[in-house]
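The residues making up each chain are set out below.
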Amino acid sequence: MAWLQQLFSAIISIPAKLLIRTKVVPADVQQELGIDPQKPILYLLKTESVTDRLALKNAVKKVGLVDPDGTITVGPHTISRCLFLERPQSVFTDKATASDIAHTFKLLFEQHHLNAELDLQIVPVSTFWGRAPGKTDASWRALIANKASPNWLRKIFIVLFLGRDNLVYFSKAVSSQYMANEHGSDEQIAHKLIRVARTHFQRRRQAVTGPRQMAREQIIQGVLASESVQEAIADEQHSKKISPEKAKKRAQDYANEIAGDYREGLIRIAEKMLTKLWNKVYNGLEIRHAEKVRQLAQSGHEIIYVPCHRSHMDYLLLTYVIYHEGLMIPHIAAGINLNFWPAGPIFRRAGAFFIRRSFAGNKLYTAVFREYLEQLFNRGYSVKYYPEGGRSRTGRLLPPKTGMLAMTVQSMFKGLKRPISLVPVYIGYEHVMEVASYLKELRGKDKKKESFWQIFSAIRKLKNYGTGYLNFGEPINLGQFMDKCQPDWRDEVLQNPDKKPTWLTPMVNKLATDVMQRINQATAVNGMNLISLCLLAADKHALTESELHQCLGDYLQLLQQAPYSQLVTLPENSAHSLLEQTLSLDKFTVQDDSFGRIISLNEPAAIAMTYYRNNILHLFVIPGLIAAMVIANNGMQKQQIIDRVALLFPLLKKELFMYLDASQAQQLCVDMIESMRVTGLLQQDEETILPAARSSSQYFSLMMLNRCIQETLQRYAIVLTLAETGDKLSRSELEKQSIRFAERLATLHGITAPEFYDKNVISALINAMREMKLLHNDEEGMLTHTEQSHWLLNELSGWLVADVAQSIKLG
């Protein structure tokens, strides 16, 4: 019968090669999973299938592993390199039968007792044809395309309809030597390995496709029937003095407005369209740290993605990446402003559910939305929402909105069975298509309402936008986070289920800050934001090619030698190729004369480029501060530098969402001083840190670092100067005067950064100064300066460039 099976495989393989397109996860199995192609490999699949084996053959060619069609000789036995847990269902029954794998494993473990050096890598491999999770109701499609252990007839239909959406998912290898050394007989160990494998394949399917999909109407009815919504309906009836039918109808309308209507078929179509779109719009997508998320999914965690929000492209990009990384498509919280025809129905079928910008005391809407979110969590769906609540107009992270995070924390009160992990996501671009409209909004122009024609116009204008970057940050296990903040939270919730805990708001605020810090912890550095940083620090926003090349090389070296975080990603190419690659995007003015090229920014471009600089500014504030102090004092004691960085760091941390604690910041300062010395930007004479020689090219890089931090220090000096005027000011008045003063300073000195006088930035700065006791609140709630703020202002005045320091002093 073996020859017949081989003949059948050969016949099937001819059309299958045309029908099957295989995607492999992870892309680099050798590095991520530690699979050694030089050691013997056994592939373990769930169901015996010719087409699954063909898909595996496609996959191993891509990742450089051995062909699954061969055999391995183990002692006197010859074992197929491709093993299966079970045989497929027959045409007439739905029951799959076990394979002879238990016998094969038993023989293998027996040989281990005879050969202690024997060690095979048993690699579990999951194959997926489409990503449909299945539905709770039966349908003709489910009968034809049942993917559990389909018979040959069903498999023909599966390959015909879904062969172009084939995913082969490799898992970490299990050492046969390790298993052979387990306690028990060879037969017991073999059965244990089979049980573990079955559980593994079941979890992998759950992680990739998600739970069985409920019909939209079922979810809505579940929301409306919940106790909390029923109570809210009754409250709405009595408080608004309306009929029960009208109150229920209002709740029904809210649920219909909110609820998504996920369709896996649309996702498959969208994936093909988006692949073409990315190829047209971007030179490539760089994705890092996805293995962290895959490990969480495989461990059974409920995953909530919490990305930063730069562009409307974020909705498409993150979902596309999640799909290609072999993860469950999340249900996405989208602003109600996107619920317009035809985009709204499309987004809804892609998994979006819609949320109003403000609930404005609407208790019924709040109850319906919260219950809908809890339904998603309870049923095991992954979710994605943007903690900033809207797109950043300046390139900085916005202060987080805590509503969705609060609902997520409160969902833990009802005792979810699966652990919840929040996954921060950094998204970056070399070109954000909305930057021009952002600048108009910052100058006071009204935000355009989203519409079909706006989207059509944007798509029509799409062109080469460089590279897109997406880094997954360090996950937050929500249960562990809550235990650390409030160890007895479970007992308190059980004792007072209807009372809002006093610790809830502080906990949610801390969680929100932690999320934003972890987003910035996973920053992606690229040519666009590095060159923007350099040119915006230069006089007249212009540098020669050699000057720019010098700065890029020095700054990349600093980030490599004294990394802000192990999750920060840097360009892998040289400073020269990075410069050429970025200039090819045609965002800068390049003039060529007999002395060489000059790269510059005109005024509109300079304003736009602040967006990209702000993406990475937090990586340069500590080296910038060191440069400012050393240049201003023409040298400084190392410990004095460290002490002053420590004093200012809480302000920087608050403003730029830096994840470091005080001790980590101090260590980064020490490491950065050493890196700057090795790079040649600084010199050291015993304990005195000196700037590089003024005639050296390294001094130029040091001076540019100093200029990178100047606008931040100027804002601090403005607020502290106004606090010292002698007049007591309320918080709001100090904020208003600081904004007016910053606008004046920007006009006097040509400061183009829109965030220099941004209300959110200055408000957050004043709050941070109050927390640090740099500003004192008197009994009347008025703000006054302190001795420490007076000392700090004197220090800051010495670090500022002279003309700006004079303007601030004279007002």
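Residues numbered from 1 in each chain as written. Predicted model: local features only at pLDDT ≥ 70, side-chain atom pairs only at ≥ 80, totals over all residues. Heavy atoms only, no water.

**Q** I keep staring at the pattern of salt bridges and nothing clicks. Help me out?
**A** Two side chains bearing opposite charge may form a pair once their charged atoms approach each other closely. Within the structure shown, the criterion is met by 42 salt bridges. Close ionic contact of Lys292 with Glu474 constitutes a salt bridge, the shortest N to O distance being 3.1 Å. Separated by 182 residues along the polypeptide, Lys292 in helix 13 (residues 290-298) and Glu474 in the loop between strand 16 (467-472) and strand 17 (476-477) bring together distant segments of the chain. Since its relative accessible area comes to 23%, Lys292 is described here as partly exposed. (Salt bridge = Lys/Arg side-chain N within 4 Å of Asp/Glu carboxyl O. Helix = DSSP H or I, 4+ residues; strand = E, 2+ residues; numbered from the N terminus. Buried < 20%, exposed > 50% of the residue type's maximum accessible area, 1.4 Å probe, protein only.)

**Q** Any chance you could explain the packing of helix 24 (residues 545-561) against helix 29 (residues 662-679) here in plain terms?
**A** Think of two packed helices as two axes; the pair is described by the angle between the axes and how far apart they sit. It is the contact of helix 24 with helix 29, at a shortest axis distance of 9 Å, that shows an interaxial angle of 140°. The orientation of helix 24 relative to helix 29 falls into the category oblique. Two packed elements cross with a definite hand, and for helix 24 against helix 29 that hand is right-handed. Taking contact as the criterion, the partners of Asp554, Gln557, Leu558 and Gln561 in helix 24 are, on helix 29, Met672, Ser675, Met676, Val678 and Thr679. Taken together, the residues that form the contact of helix 24 with helix 29 break down as 4 nonpolar, 4 polar and 1 charged. (Axes fitted to C-alpha atoms, helices over the stretch in contact; angles between N-to-C directions. Parallel < 35°, antiparallel > 145°, perpendicular 65-115°, else oblique. Left-handed = near helix turned anticlockwise from the far one by under 90°. Contact = heavy atoms within 4.5 Å. Nonpolar A, V, L, I, M, F, W, Y, C, P; charged D, E, K, R; others polar.)

**Q** Can you walk me through the nonpolar core in this structure?
**A** Proteins that are soluble and globular tend to have nonpolar side chains buried together. Tyr305, Phe353, Phe472, Ile626, Ile641 and Leu713 are the most contacted members of the largest nonpolar core, which totals 207 residues. In terms of residue count, helix 30 (residues 697-723) provides more of this core than any other element does, 15 residues in total. The residues touching Leu713, leaving out its near neighbours within four places in the chain, are Leu625, Ala628, Leu648, Leu796, Trp799 and Leu800. Counting residues in hydrophobic clusters, the runner-up holds 26 residues, among them Val29, Leu33, Ile41 and Val168. (Core = buried A, V, L, I, M, F, W, Y, C linked by side-chain atoms within 4.5 Å.)

**Q** Teacher, can you tell me more about helix 3 (residues 50-63) here?
**A** Residues lying three or four places apart along an α-helix face the same way, a consequence of the helix completing one turn every 3.6 residues. With 14 residues, helix 3 ought to run about 20 Å at 1.5 Å a step, and its terminal C-alpha atoms sit 20 Å apart, in line with that. Residues of helix 3 that are buried: Thr51, Asp52, Arg53, Leu54, Ala55, Leu56, Lys57, Ala59, Val60 and Val63. Taken from the residues just after helix 3, Gly64 is the one with a positive phi, measuring 80°. (Expected span 1.5 Å × (residues − 1).)

**Q** Just checking my understanding: could you explain the packing of helix 18 (residues 435-442) against helix 26 (residues 603-616) for this structure?
**A** Two elements in contact, helix 18 and helix 26, have axes separated by 10 Å at closest approach and are oriented at 105°. By the criterion of interaxial angle, the relationship of helix 18 to helix 26 is roughly perpendicular. Residue-level contacts link Val435, Tyr438 and Leu439 of helix 18 to Ile607, Ala608, Tyr611 and Tyr612 of helix 26. Partitioned by chemical class, the residues of the contact of helix 18 with helix 26 number 7 nonpolar, no polar and no charged.

**Q** Before we go on, may I ask you to explain the side chain of Ser789 in this structure?
**A** Note that Ser789 resides in helix 33 (residues 787-799). Given the relative accessible area of 1%, Ser789 is considered buried. Looking at Ser789, its side chain comes within polar contact range of the main-chain oxygen of Leu774, at 3.3 Å. Sequence-distant contacts of Ser789, that is, excluding residues within four places in its chain, are made with Leu720, Glu724 and Leu774. (Polar contact = N/O pair within 3.5 Å; in protein donor to acceptor, adjacent residues only side chain to side chain.)

**Q** Would you explain the environment of Phe84 in this entry?
**A** In this structure, Phe84 sits in strand 5 (residues 82-87). The exposure class assigned to Phe84 is buried, which follows from its relative accessible area of 8%. Counting along the chain gives 408 residues from Phe84 to Glu492, while the straight-line C-alpha distance between them is 50 Å. Other than its neighbours up to four places away in sequence, Phe84 contacts Leu44, Leu45, Lys46, Thr47, Glu48, Ser49, Arg53, Ser99 and Ile101.

**Q** Hey, could you run me through the sheet that holds strand 20 (residues 596-600) in this one?
**A** Backbone hydrogen bonds hold the strands of a sheet together, and the pairing may be parallel or antiparallel. An order of 18-20-19 is seen for the 3 strands of this open sheet, with the pairing classed as antiparallel. In the strand order of this sheet, the two ends are held by strand 18 (542-544) and strand 19 (589-593), each with one partner. Within the sheet, the average angular offset between the axes of one strand and its neighbour, ignoring direction, is 25°. Pairing analysis gives 5 bridges linking strand 19 to strand 20, with the strands arranged antiparallel. The residue of strand 20 that forms the bridge with Gln591 is Ile598. Those strands touched by helix 24 are strand 18 and strand 20, and its axis lies near 90° from that of strand 18. (Pairing = 2+ DSSP bridges.)

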